[in-house]
Structure formats: structure tokens, C-alpha cells
Amino acid sequence: MTYYIAKVAVTAVLVVLIAEISKRSSFIGAVLASVPLTSVLAMLWLYVDTGDVGKVGELASSVFWLVLPSLALFIALPILLAKGVGFYLSLVVSVGITAVCYWLMVVTLRHHGVEL
């Protein structure tokens, strides 16, 4: 149980640290946030837990394919905010658009024989 608490704590501290740094410098915060930190941590925890490089490779491959649809959030959110849509509504709509893009990517990949 201590191990799981440590994993959650390390992950949470990194996310909070990036948010705090972003208050002082949006550029540095963006650089840190753009690093696939969550993916790297997930791969690290997966390897530590299983020792299975095959599973880590599968995870990395799946993340690769899902990066493109995730970019929809970073396109939609600033556009909606610039149009004067409130923050929370913009965030919800952007997440919804991103979810649709994920679904489209999975359907497209399956059509071409790629299973995630």
C-alpha cells in the first residue's frame, strides 16, 4: 500500500509543481507540461510493477497514436476562450471535442488494422 501512495504522491507533486511554475511563467509551465510526463510516469510505473517491456512498448505505441487527437483540446480551448466562452464551459466543450477525436482515431485505426 505504501508503494501505491508513493506513486500517487510523486505524480500529484509533479502536476502541482507544473501548475505553480505556470503561475510565474506560462512558457516554462508549457515546456514542462508538454513533456509527456504522465506517459513517462505511466511507463515507469508499469515497468516497475510488471518488468514487462512488451507491455511498456504497447503502451508507448498506443500513446503515440492518441497524441494527435489529444491536440484538439489545445486548439479548441484557446479558440473558445478568445470567443468569450466561459472557462468551465470551454473546458468541457474542448474535452468533448477531444473525446470525439479519440473515438474517430480509434475507429480509423481499427479500419486500417491497428488495434490499441
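Worth saying up front: this structure is predicted, and the values here are computed from it rather than measured.

Novice: Can you lay out the pattern of salt bridges for me, pointing to particular residues and giving the numbers?
Specialist: Evaluation of the coordinates by the stated rule reveals three salt bridges. Across the pair lysine 23 and glutamate 20 runs a salt bridge, and its minimum N-O distance is 2.9 Å. On the criterion of helical spacing, the pair formed by lysine 23 and glutamate 20 is a turn pair, its members being three residues apart in helix H1 (residues 2-24). Given a relative accessible area of 31%, glutamate 20 falls into the partly exposed group. One salt bridge connects arginine 110 with glutamate 115, and the closest N-O pair in it is separated by 3.7 Å. A relative accessible area of 52% places arginine 110 in the exposed class.

Novice: Report on the packing of aromatic side chains, specifying residues and quantitative values.
Specialist: Two aromatic rings, taken as a pair, are described by how far apart their centres are and by the angle between their planes. In total, this model carries four aromatic pairs according to the counting rule given. Between phenylalanine 87 and tyrosine 88, the ring centres sit 5.2 Å apart and the planes meet at 75°, which makes this aromatic pair edge-to-face. Grouping aromatic residues by their ring pairs yields a cluster made of Tyr3, Tyr4 and Trp45.

Novice: Go over the packing of H1 against helix H2 (residues 26-34), please, and point to the residues and values.
Specialist: As a packed pair, H1 and H2 sit with axes 6 Å apart at the nearest point and diverge in direction by 155°. Our classification of the angle between H1 and H2 gives roughly antiparallel. Where H1 approaches H2, its residues Ile18, Ile21, Ser22 and Arg24 are matched on the opposing element by Ser26, Ile28, Gly29, Leu32 and Ala33. Among the residues making up the contact of H1 with H2, the classes are represented as five nonpolar, three polar and one charged.

How each quantity is defined
- Residues numbered from 1 in each chain as written.
- Predicted model: local features only at pLDDT ≥ 70, side-chain atom pairs only at ≥ 80, totals over all residues.
- Heavy atoms only, no water.
- Salt bridge = Lys/Arg side-chain N within 4 Å of Asp/Glu carboxyl O.
- Helix = DSSP H or I, 4+ residues; strand = E, 2+ residues; numbered from the N terminus.
- Buried < 20%, exposed > 50% of the residue type's maximum accessible area, 1.4 Å probe, protein only.
- Phe/Tyr/Trp six-rings, centres within 6.5 Å; stacked < 30°, edge-to-face > 60°.
- Axes fitted to C-alpha atoms, helices over the stretch in contact; angles between N-to-C directions.
- Parallel < 35°, antiparallel > 145°, perpendicular 65-115°, else oblique.
- Contact = heavy atoms within 4.5 Å.
- Nonpolar A, V, L, I, M, F, W, Y, C, P; charged D, E, K, R; others polar.

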